[in-house]
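Here is what each chain is made of, one letter per residue.
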Amino acid sequence: MRRVVSWVAAALPVMATSPLALAGCITQDLQFVPPTGFPPSIEVPSGGAYPLDEVIRLRADQIGGGGDAGAINTLVFDLEVRDPDVDEELQYLVYVDYQRGVTLFPVGSGFVPAVPQGTSDRRRRAQRIQVPVRDGALSRPGCHRVEILVSQRFRNEDGVPTRDPLVEGDLGTATWWVSTQATEGDSVDMTGCP
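The present account deals with the structure reproduced in this document. Predicted model only: the values in this text are computed from it and were never measured.

### Description of the sheet that holds strand β5 (residues 108-112)
Line of reasoning, step 1. Strand order in the open sheet formed by five strands is β2-β10-β7-β4-β5, and the pairing between neighbours is mixed. Edge positions in the sheet fall to β2 (56-59) and β5, since each has one partner strand and no second. Neighbouring strand axes in the sheet, compared pairwise and without regard to direction, differ in orientation by 20 degrees on average.
Line of reasoning, step 2. Here strand β4 (residues 90-96) pairs with strand β7 (residues 142-151) via six bridges, running antiparallel. Residue pairing across strands places Val 94 opposite Ile 148, the latter belonging to β7.

Here it is in structure tokens:
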């Protein structure tokens, strides 16, 4: 009997520090702090003019001219930029037919303010971005790629913004495909997209 009592007395300190014995105490004092540094994302709200899963179709005779549907000078993207880092102002860049080493400048850039417009949810920020059509790559017949990139900040090289975020992984992207026909009824080879 003496051996059993001494074994229990020796085992008590070990049992008291076991994970199962302490689990109740830990969970009572645990406070969750959400991590920061999540990358932003870009979504098209329901009813948006250009859904991500549809090809945007243009006709060259509509661009800057009359055409039967009226003149088109810009594509207007109404987006929702989501970012859990609610106090962060974000930057966006817009590229059309980007090619590494060839395309030096974005066709558009700007900022997404930290305070959302038109919503009480600070993680969801409505943003309108206009992409020029007239006198740009989108006015030429063929297949085109429009990319919008969002980050807290982008790296600069000699004063020119790059597509690389300042913090690795802090990047949200969205891509649209545009089919510009020379005239109504012309087909566009979408396999030749840049």
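Moving on, there is more to tell.
### Focus on the environment of Pro 39
Line of reasoning, step 1. Inspection of the secondary structure assignment puts Pro 39 in the loop between α2 (19-29) and β1 (41-43).
Line of reasoning, step 2. Exposure remark for Pro 39: the relative accessible area of 38% places this residue in the partly exposed category.
Line of reasoning, step 3. The sequence separation of Pro 39 and Gly 169 amounts to 130 residues, and the corresponding C-alpha distance is 6.7 Å.
Line of reasoning, step 4. For Pro 39, the contacting residues outside a window of four places in its chain are Asp 83, Gly 169, Asp 170 and Leu 171.

### Re the sheet that holds strand β3 (residues 74-82)
Line of reasoning, step 1. What the three strands build is an open sheet, ordered β1-β3-β6; its pairing is antiparallel. One side of each edge strand has no neighbouring strand; the edge strands of this open sheet are β1 and β6 (124-132). Between one strand and the next, the sheet's axes are offset by a mean angle of 40 degrees, whatever the strand orientation.
Line of reasoning, step 2. Bridging between β3 and β6 involves nine bridges; their strand directions are antiparallel. The residue of β6 that forms the bridge with Thr 74 is Pro 132.

### Describing the pattern of salt bridges
Pairing is possible between side chains of opposite charge, provided their charged atoms come close.
Line of reasoning, step 1. What the rule picks out here adds up to eight salt bridges.
Line of reasoning, step 2. Arg 82 is the salt-bridge partner of Glu 80, the closest N and O atoms lying 2.7 Å from each other.
Line of reasoning, step 3. Of the residues examined, Glu 80 reaches a relative accessible area of 14% and is grouped as buried.
Line of reasoning, step 4. By relative accessible area, which is 28% here, Arg 82 ends up partly exposed.
Line of reasoning, step 5. Among the ionic contacts, a cluster of salt bridges with common partners joins Glu 43, Glu 80, Arg 82 and Arg 124.

### Quick notes on the side chain of Asp 97
Line of reasoning, step 1. Relative to the helices and strands, Asp 97 resides in the loop between β4 and β5.
Line of reasoning, step 2. Comment: no salt bridge for buried Asp 97; closest opposite-charge side chain is Arg 140, at 4.7 Å.
Line of reasoning, step 3. In this structure the side chain of Asp 97 is engaged in a polar contact, spanning 2.8 Å, whose partner is the backbone nitrogen of Arg 145.
Line of reasoning, step 4. Setting aside anything within four residues of it in sequence, one finds Asp 97 in contact with Thr 103, Ala 137, Cys 143, His 144, Arg 145 and Pro 194.

### What to know about unusual backbone geometry
Line of reasoning, step 1. Although it is not a glycine, Asp 97 sits at a positive phi angle of roughly 55 degrees.
Line of reasoning, step 2. Even without a glycine there, the phi angle at Asp 158 is positive, about 55 degrees.
Line of reasoning, step 3. Judged by its relative accessible area of 82%, Asp 158 is exposed.

### Looking at the side chain of Gln 127
Line of reasoning, step 1. Following the sequence through the fold, Gln 127 ends up in strand β6.
Line of reasoning, step 2. Under the relative-accessibility criterion, Gln 127 is labelled buried at 13%.
Line of reasoning, step 3. Those residues in contact with Gln 127, other than ones at most four positions away along the chain, are Phe 77, Asp 78, Leu 79, Val 81, Tyr 92, Phe 111, Val 112 and Pro 113.

### Observations regarding the state of the cysteines
Line of reasoning, step 1. One pass over the structure, following the stated rule, counts one disulfide.
Line of reasoning, step 2. The disulfide partner of Cys 143 is Cys 193, and the S-S distance across this bridge is 1.5 Å. Judged by the torsion about the S-S bond (55 degrees), the Cys 143/Cys 193 disulfide is right-handed. Placement of the pair is Cys 143 in strand β7 and Cys 193 in the segment after β10 (172-181), with a sequence separation of 50 residues.
Line of reasoning, step 3. For Cys 193, a relative accessible area of 22% puts it in the partly exposed group.

Reading the values: rules and limits
Residues numbered from 1 in each chain as written. Predicted model: local features only at pLDDT ≥ 70, side-chain atom pairs only at ≥ 80, totals over all residues. Heavy atoms only, no water. Pairing = 2+ DSSP bridges. Helix = DSSP H or I, 4+ residues; strand = E, 2+ residues; numbered from the N terminus. Axes fitted to C-alpha atoms, helices over the stretch in contact; angles between N-to-C directions. Buried < 20%, exposed > 50% of the residue type's maximum accessible area, 1.4 Å probe, protein only. Contact = heavy atoms within 4.5 Å. Salt bridge = Lys/Arg side-chain N within 4 Å of Asp/Glu carboxyl O. Lys, Arg positive; Asp, Glu negative; His and termini not counted. Polar contact = N/O pair within 3.5 Å; in protein donor to acceptor, adjacent residues only side chain to side chain. Disulfide = S-S within 2.5 Å.

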